[in-house]
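Fold and contact review
The lines below spell out each chain.
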Amino acid sequence: MAQTVDFYRIDGVPMPAPDAEPVFTFTDLDASDAGRDESGVMHRVVVREKVGSWSFAYSHLTDAEYAALLALFAGKATFAFTHPKPGSSTETQVSTCYCSNYSIAWRNARTGTWRNCKFNIIQC
């Protein structure tokens, strides 16, 4: 995982290359008063469209690689996330984001390896 990728950055620092390309998901956010009425008809009040979420996965990490990955997010409630611009294979854009749904499994204490590190970067 020593290789980094320039088109994914946290506060300008390149991220380690993930095992596979992250999945991009875009979701509309509805206001709290949106919902279905008594007859079952949906009344949407969209407050934001196409809020981005990127799912990252790393199958194997050493202690050092794991520490370097965690350091990218340490002490940051939000950060500037550089990512490919949707619809363009050559351009990037920067969004204010946060890290969520983090998980990892400890594989081997003797060798200092970890497996199945997963997290989402979500647009604020």
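Computed from a predicted structure; not experimentally measured.

Another point: helix H1 (residues 63–73). Along H1, the positions that sit buried rather than exposed are Glu-65, Tyr-66, Leu-69, Leu-72 and Phe-73. Each buried residue of H1 sits inside an arc of 115° when the element is viewed along its axis, so together they form one side. Buried residues along H1 sit against strand S1 (4–10), strand S2 (13–16), strand S6 (46–62), strand S7 (79–84), strand S8 (92–108) and strand S9 (113–123). Immediately beyond the C-terminal end of H1, within one or two residues, lies Gly-75, with a positive phi of roughly 70°.

This paragraph deals with unusual backbone geometry. A positive phi angle, near 50°, is found at Asp-11, a position not held by glycine. In this structure Asp-11 comes out as partly exposed when scored by relative accessible area, which is 40%. With a phi close to 55°, Lys-50 is a non-glycine residue in the positive phi region. Within the secondary structure, Lys-50 sits in strand S6.

Now for the nonpolar core. Ranked by size, the top nonpolar core spans 20 residues in total, and within it Ile-10, Met-15, Phe-56, Tyr-58, Phe-81, Phe-119 and Ile-121 carry the most contacts. Of all the secondary structure elements, the ones that give two or more residues to this core are S1, S6, H1, S7 and S9.

Turning our eyes to something else, we now look at the pattern of salt bridges. In total, this model carries four salt bridges according to the counting rule given. Residue Arg-9 pairs with Asp-6 through a salt bridge whose shortest N-O separation is 3.0 Å. Its salt-bridge partner being Arg-44, residue Asp-30 comes within 2.9 Å of it at the nearest N-O pair. You can see Asp-30 sitting in strand S3 (residues 23–30) and its partner Arg-44 sitting in the loop between strand S5 (42–43) and S6, a full 14 residues away along the chain.

All right, on to the pairing of S7 then. With five of six residues buried, S7 lies mostly within the body of the structure. Where S1 lies against S7, two bridges are found, and the strand directions are antiparallel. Residue pairing across strands places Ile-10 opposite Phe-81, the latter belonging to S7. As paired elements, S7 and S8 share six bridges and run antiparallel to each other. Following the sheet pairing, His-83 is matched in S8 by Gln-93.

Conventions adopted
Residues numbered from 1 in each chain as written. Predicted model: local features only at pLDDT ≥ 70, side-chain atom pairs only at ≥ 80, totals over all residues. Heavy atoms only, no water. Buried < 20%, exposed > 50% of the residue type's maximum accessible area, 1.4 Å probe, protein only. Helix = DSSP H or I, 4+ residues; strand = E, 2+ residues; numbered from the N terminus. Arc of directions from axis to C-beta. Contact = heavy atoms within 4.5 Å. Core = buried A, V, L, I, M, F, W, Y, C linked by side-chain atoms within 4.5 Å. Salt bridge = Lys/Arg side-chain N within 4 Å of Asp/Glu carboxyl O. Pairing = 2+ DSSP bridges.

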